[in-house]
Amino acid sequence: METLRTLPGDDVRQIMWRFADRYDIQMTVQSARSLARTLVARLVAEGARHTHEWTDHKAQLLDAFDSSGLTALFMDPHQGGFIEGPKNLALALVAFELAWVDAGAATCSLATNLALAPIHERGTPDQRDSYMSRCVPPQPGEDRTIIRGAFALTEPLPYVGVETNTLVGKLRVAEWEEGKEPILQVDKRGRFITGMDFANFATCAVDTDDPRIKTSCIVIVEDTDEGLFDRGAPTLKMVHQLSSTRDPVFNLKVPASRIVGGYTVKDGVIVPNYTHSEIIGAVFHRTRVPVALMSTAKLLSAVEPVIRYHRQRFRGGDAQPGTPKFDLGIQQKQDAVLRLAEVWAMGEAGASLGFETARLFDQLDPSEKEKDRIFSEQGIMGPKSQLSALRKVEKQAIELLGLEAQPEGQRDEARIEALKADPLVRYATLEALANILCPACKLWNTGQGANMMREVLALMGGYGITEDCPGFLFYKWTDCQLEATYEGPEAVQRRHLSITMTNEVFLARLRIWIEEFNILAATRPETGAGAVAASMELWLWTLEFLHRAKDPSGARLYHNRRQNVTFPMADALCWVMASRAQVGDVLELAEKGPENPIVAEGLEGTLGFFADLSMVQAARAAGECARVCAQMVYGFGPQDEAELAAFEALRAGIDRATAGAALAKDRAGQALTQVMIPEALDYPQ
Amino acid sequence: MSAGYHIVVCGGIVPDPLQTLEPVKGPAGWGLKNELMLPAILDPWAGHALFEAANLAKNAPGSKVWLVSMGPKAKLQQVMMTIAQKVPFELVVLDGPAGGFVEAQAVGTALAEAIEAIPGLDKSRLLVFGGWMSASRGAGATLQIVGEKLGIFEQFQGVDKLEVQSGGALRLLERVEGGSYQESTLDGPPAVVGWATGELPEPPNNPQVGMQNMRLVMPALQKAKPVKVEGGPEYLSVQVPSQKRETRVVKDTPVDEIAKEIVDWLKA
């Protein structure tokens, strides 16, 4: 039987992650990869991670980011960039490539983008063009130095990180002469601020401390402003040492035009156009996705070193070339390859989920701008008013999803076109999905990814973390822990999901997926689509049950504050969403693979292997989902017998849908003993 | 030279040398196991030639660089995602084999024909660059054959330095024994220059340069004509030399001691 011949190359990945026709993105990927496997790898190998101080050694990264084009990636062409339009997928792929070697370098690369993100998402056109153009490396003939930024959100204890709605940083009016622009006093003590060693400006979240300023906002401070721009003490950290992190202190005077998104003056009061939380919401929506993929890159990057280690380190002194002992080493035993297959399967699922989310944001970005334009014209400002207005189009969004799910030829195309032409309907459908996939990939890829990285280290033999252990796996494992916290800890993601996963537009889409995956289970059972369909069905039933059920004290089960219910359900949904995305990527490879001559060579084996991984992961996800749902249904009981019977029938369906999963894992494990790997790692150890 | 040079770089692609390269005999003759699926790179010697060409063109206004490459066009497209970011050039594609089992005569003939067909090429200003060796099989003859076919008999191999002197003369340093160079001076083009490693580092990838190049690279790939390379020897068997690695990891060894050990090893 044909099996996986070589590790999947770029041609395969470009199809699965949908950038086969984007040469600009392909080049960016190559650029990031080249940098990661040369300078970044050398820095790690030379011990640059042994200090949390920012050193000249590490600072080489900045020049390398500039010269390889990565610094300009975030900008539009008129600002000095080279990719027109949304760049979420491109940024996600760059983070993935850099984190393949070191996630701290990836974070360092993205830090200025994070500082620019508030300006990019909600800044005025002048603010956007001014700061983004100055953050691009100077072109030939230009006489200027590049500026870099830091995003100052988090603050000193006790408000560190978790409670982003509570700000200690303050904004006051320092001077306001009649007819002139107000001058503001910014007082902010940041904590764990990335890029602070070399930042020339910072975007700071501050609250109003003056009756002449109405709300919180984000304000831009520069190192040349009057006052104190103290970079502060370096953060004593154990992970991501290739990024700079400090606790800065700002006490500066800045013109009011530095308020991100601008302001209006109403009755003698400065009213920022956006509060800090509105801006943060827009920013973290997008920037969480690359972080999620950093953890995923680690899992997938571990596959090749582990195979090499298993084949070469357990040969024994008397093994002769050509014998199974020499060629396979510990891969002669099934356990090693089966466990590695599980690692690979989870890595694939994480990549599928993360890159799908990045692509979704590329679609959402223009739609969101159009939504903002329409609401602005209609005078609908502020998040609450916008939410209320969007609720009115939810019914149409659900209608559109339903119509699109009908077979071609039987559906009302005219109505579909009419609904699709409505930008608000389009936005509502995309936003409902993004609100699930974004926190899901951030939560699942990093949290479960960190757990799985422990398995990777365990696969490296007794001590595991020895000097000849290739690929910096220990660093990668510890870095995962930060990624699970960075840009919103796990509780924040679960909280986010617990609110958005009950959105009717999303639930309508979920019902359609269940139908589609049930059909798919009949035609492509080898992908694990049946297990995914059964999991989605059980999860949805349980959610509906939790809304109607009560505990013995009569309290509702699904409630905002009942995190023993909402959080596990969020976790279960993540497993299922990741598996669903993975099946989608396998189907894409099956459809587009034959069109590419390189992928077509050996496609049967490649596809079979990816389908086996998909099945393995779907079975695991189904198990996790069923476990959580069972805890919900039985754990808060006793419940009505009819309810329990209905649940048990669905749960039995899940178990049955995993038929063949163990065989798939056997095949995947066997494939790992056959696959050709390079002679040596392509970066120093 | 005020009008600049027309520099044609001949550069093939080769499988990434880090990969396991196992010769196998297929219906079309000898090749590498899973050759099409292995990642490929621009032949490293050709890479040096390309970087030197770009540098020369940059310093000689009016110059232009073409990269003529033979290989499976789908593989070439992947390689171009990196190479096109390095330096500006125009790509000429020959859709043919790249495994290293074809004869230099056949490849040289195909490359020469492709160069002859480049529109607007001024042979009086022509410099044909390439690697003096190849990572695929290293016959070291292809570039010479290309020159012969084009009627260029001023040929230099193992070049590490090319300088343009006042008056347009070219000064070339070719590698000879013992780390020395043979110095030659040439009135001017045309000439064939087979590069050793040159003196320039590999330029960093710059997607902006890449975006400019890709405007011409993609059409070139689309209109690439298939090249059928025939003839050559019959191999009875083919074997890659087995890898031999004897690595010791010893920390904190003084530099002098390391140097002494290397010298002792060389003398042994």
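With an unreviewed UniProt entry as reference, chain A is termed Acyl-CoA dehydrogenase/oxidase N-terminal domain-containing protein, source organism Fundidesulfovibrio magnetotacticus. UniProt, in the comment section headed Subunit (unreviewed entry), describes chain A in these words: "Homotetramer."

Trainee: Hey, could you run me through the overall build of chain A in this one?
Mentor: Summing up its helical and strand segments, chain A has 21 helices and ten strands in all. A compact globule built from 685 residues should have a C-alpha radius of gyration of about 26 Å, and chain A, at 26 Å, falls within 12% of that. The C-alpha extent of chain A, read off along each of the three principal axes, is 85 × 65 × 50 Å. A total of 685 residues make up chain A; the buried ones form 60% of that total.

Trainee: Please clarify how the interface of chain B and chain A should be interpreted in this entry.
Mentor: When the parts of a complex come together, some accessible area is lost, and that lost area is often taken as the interface size. With 28 residues of chain B at the interface, the matching set in chain A holds 33 residues. Of the roughly 2,800 Å² buried between chain B and chain A on both sides combined, carbon and sulfur atoms contribute 60%. Three residues, Leu18(B), Met37(B) and Gln78(B), lead the burial of chain B against chain A; their summed loss comes to 23% of the area buried on that side. For the side of chain B that touches chain A, the secondary structure elements donating two or more residues are helix H2 (73-83) and helix H5 (207-222) of chain B. A breakdown of the residues in the side of chain B that touches chain A according to their chemical character gives twelve nonpolar, twelve polar and four charged.

Trainee: Got a minute to help me understand the domain arrangement of chain A in this structure?
Mentor: All names here are of chain A. We note that the domain assignment places domain 1 (10-143), domain 2 (149-274) and domain 3 (296-674) within chain A. Between the C-alpha centres of domain 1 and domain 3 the distance comes to 27 Å. Taken together, the contact between domain 1 and domain 3 spans 28 residues of the former and 36 residues of the latter. Both faces considered, domain 1 and domain 3 share a buried interface measuring about 2,900 Å² in area, 63% of it formed by carbon and sulfur atoms.

Trainee: Help me understand the side chain of Glu348(A), please; the structure alone is not making it clear to me.
Mentor: Residues and elements named next belong to chain A. You can see glutamate 348 is positioned in helix H9 (residues 334-378). For glutamate 348, a relative accessible area of 1% puts it in the buried group. The residues contacting glutamate 348, other than those within four sequence positions of it, are Arg13, Met16, Leu300, Gln582, Phe610 and Leu613.

Trainee: Before we go on, may I ask you to explain the pairing of strand S4 (residues 29-32) of chain B in this structure?
Mentor: Working note: regular strand, side chains alternate between the two faces of the sheet. All names here are of chain B. Inspection of the sheet shows strand S3 (residues 23-26) paired to S4 by four bridges, in the antiparallel sense. By the bridge assignment, proline 23 is partnered in S4 with leucine 32. Adjacent in sequence and paired antiparallel, S3 and S4 are bridged by two residues.

Trainee: Looking at this structure, how should I read the sheet that holds strand S7 (residues 90-95) of chain B?
Mentor: Within a sheet, neighbouring strands are paired by backbone hydrogen bonds and run either parallel or antiparallel to one another. Residues and elements named next belong to chain B. Judged by pairing direction, the sheet is mixed, and its nine strands sit side by side in the order S11-S10-S9-S12-S8-S1-S6-S7-S13 without closing on themselves. Single-partner strands in this sheet number two, and they are strand S11 (181-186) and strand S13 (225-226). Bridging between S7 and S13 involves two bridges; their strand directions are parallel. Counterpart to aspartate 95 in the pairing with S13 is proline 226.

Trainee: Before we go on, may I ask you to explain the pattern of salt bridges in this structure?
Mentor: Charged atoms that come close allow side chains of opposite charge to pair. Residues and elements named next belong to chain A. On inspection of all chains with the given rule, the structure shows 65 salt bridges over all chains. A salt bridge links aspartate 372 to lysine 371; its shortest N-O distance comes to 2.9 Å. The exposure class assigned to lysine 371 is buried, which follows from its relative accessible area of 3%. In this structure, glutamate 643 engages arginine 548 in a salt bridge whose closest nitrogen and oxygen atoms are separated by 2.8 Å.

Trainee: Got a minute to help me understand the environment of Ala622(A) in this structure?
Mentor: Residues and elements named next belong to chain A. Considering the arrangement of structural elements, one finds alanine 622 in helix H19 (residues 603-635). Measuring from C-alpha to C-alpha, the distance between alanine 622 and valine 12 comes to 27 Å, with 610 residues separating the pair along the chain. In this structure, alanine 622 is in contact with Ala531, Ser535, Ile654 and Thr658, ignoring residues within four places of it in sequence.

Trainee: I would appreciate a short explanation of unusual backbone geometry in the present structure.
Mentor: Backbone phi values are negative for most residues with the exception of glycine, while trans is the configuration of most peptide bonds. The step from Gly637(A) to Pro638(A) runs through a cis peptide bond, and the omega angle for that step is 5°. Pro189(B) connects to Pro190(B) through a cis peptide bond whose omega is 0°. Within the secondary structure, Pro190(B) sits in the loop between S11 and strand S12 (191-195). Phi at Arg18(A) is positive, roughly 60°, even though this residue is not glycine. Residue position: Arg18(A) is located in the loop between helix H1 (10-16) and helix H2 (23-45). Positive phi values are uncommon outside glycine, yet His240(A) reaches one of about 50°. Given the relative accessible area of 2%, His240(A) is considered buried.

Trainee: Is there a simple way to explain the UniProt feature "domain: Electron transfer flavoprotein alpha/beta-subunit N-terminal" (unreviewed entry) in chain B in this structure?
Mentor: Under the UniProt annotation, "domain: Electron transfer flavoprotein alpha/beta-subunit N-terminal" (unreviewed entry) lies at residues 39-202 of chain B. Taken end to end, residues 39-202 of chain B has its terminal C-alpha atoms 19 Å apart, with 30% of it in helix and 30% in strand.

Trainee: Is there a simple way to explain the side chain of Arg494(A) in this structure?
Mentor: Residues and elements named next belong to chain A. Along the chain, the position of arginine 494 falls in helix H14 (residues 490-500). By relative accessible area, which is 19% here, arginine 494 ends up buried. Not counting residues within four places of it along the chain, the set of residues in contact with arginine 494 comprises Leu443, Phe567, Ala570 and Asp571.

Trainee: I keep staring at the UniProt feature "domain: Acyl-CoA dehydrogenase/oxidase N-terminal" (unreviewed entry) in chain A and nothing clicks. Help me out?
Mentor: Cross-referencing UniProt, the feature "domain: Acyl-CoA dehydrogenase/oxidase N-terminal" (unreviewed entry) maps to residues 31-135 of chain A in the present numbering. Counted over residues 31-135 of chain A, helix gives 66% and strand 0%. Its end C-alpha atoms are 19 Å apart.

Trainee: Just checking my understanding: could you explain the packing of helix H4 (residues 88-99) of chain A against helix H7 (residues 276-312) of chain A for this structure?
Mentor: Geometry of a packed helix pair, given as the angle between the helix axes and the separation of the axes. Residue and element names in this part refer to chain A. Axis separation between H4 and H7 bottoms out at 8 Å; the angle between their running directions is 35°. Along this stretch, H4 crosses H7, giving a crossing that reads as right-handed. Here Asn88, Leu91, Ala92, Ala95, Phe96 and Ala99 of H4 come into contact with H7, specifically with Arg286, Pro290, Leu293, Met294, Thr296, Ala297, Lys298 and Leu300. Residue composition of the contact of H4 with H7, by class: ten nonpolar, two polar and two charged.

Trainee: Please clarify how H19(A) should be interpreted in this entry.
Mentor: Along an α-helix, a turn takes 3.6 residues, which lines up residues three or four apart on a common side. The terminal C-alpha atoms of H19(A), which comprises 33 residues, lie 46 Å apart, in line with the 48 Å expected from a rise of 1.5 Å per residue. The buried fraction of H19(A) amounts to 25 of the 33 residues, a majority that puts the element mostly inside the structure.

Trainee: How should I be thinking about a nonpolar patch on the surface in this particular structure?
Mentor: Taken together, Ile258(B), Ile262(B), Trp265(B) and Leu266(B) make up a surface patch of nonpolar side chains, about 470 Å² in accessible area. The exposure class assigned to Ile262(B) is partly exposed, which follows from its relative accessible area of 45%.

What counts and how
- Residues numbered from 1 in each chain as written.
- Chains lettered and ligands numbered in written order.
- Predicted model: local features only at pLDDT ≥ 70, side-chain atom pairs only at ≥ 80, totals over all residues.
- Heavy atoms only, no water.
- UniProt positions renumbered as here; feature names shortened; annotations may be inferred.
- Helix = DSSP H or I, 4+ residues; strand = E, 2+ residues; numbered from the N terminus.
- Rg over C-alpha atoms; globule rule 2.2 N^0.38 Å.
- Buried < 20%, exposed > 50% of the residue type's maximum accessible area, 1.4 Å probe, protein only.
- Contact = heavy atoms within 4.5 Å.
- Buried area = accessible area lost by both parts, 1.4 Å probe.
- Nonpolar A, V, L, I, M, F, W, Y, C, P; charged D, E, K, R; others polar.
- Domains from an automatic or database assignment.
- Pairing = 2+ DSSP bridges.
- Salt bridge = Lys/Arg side-chain N within 4 Å of Asp/Glu carboxyl O.
- Axes fitted to C-alpha atoms, helices over the stretch in contact; angles between N-to-C directions.
- Left-handed = near helix turned anticlockwise from the far one by under 90°.
- Expected span 1.5 Å × (residues − 1).
- Patch = residues over 30% accessible without salt bridge, like charges linked within 9 Å, V, L, I, M, F, W, Y side chains within 5 Å.
- Areas by Shrake-Rupley, 256 points an atom, 1.4 Å probe, with all protein chains shown as cover.

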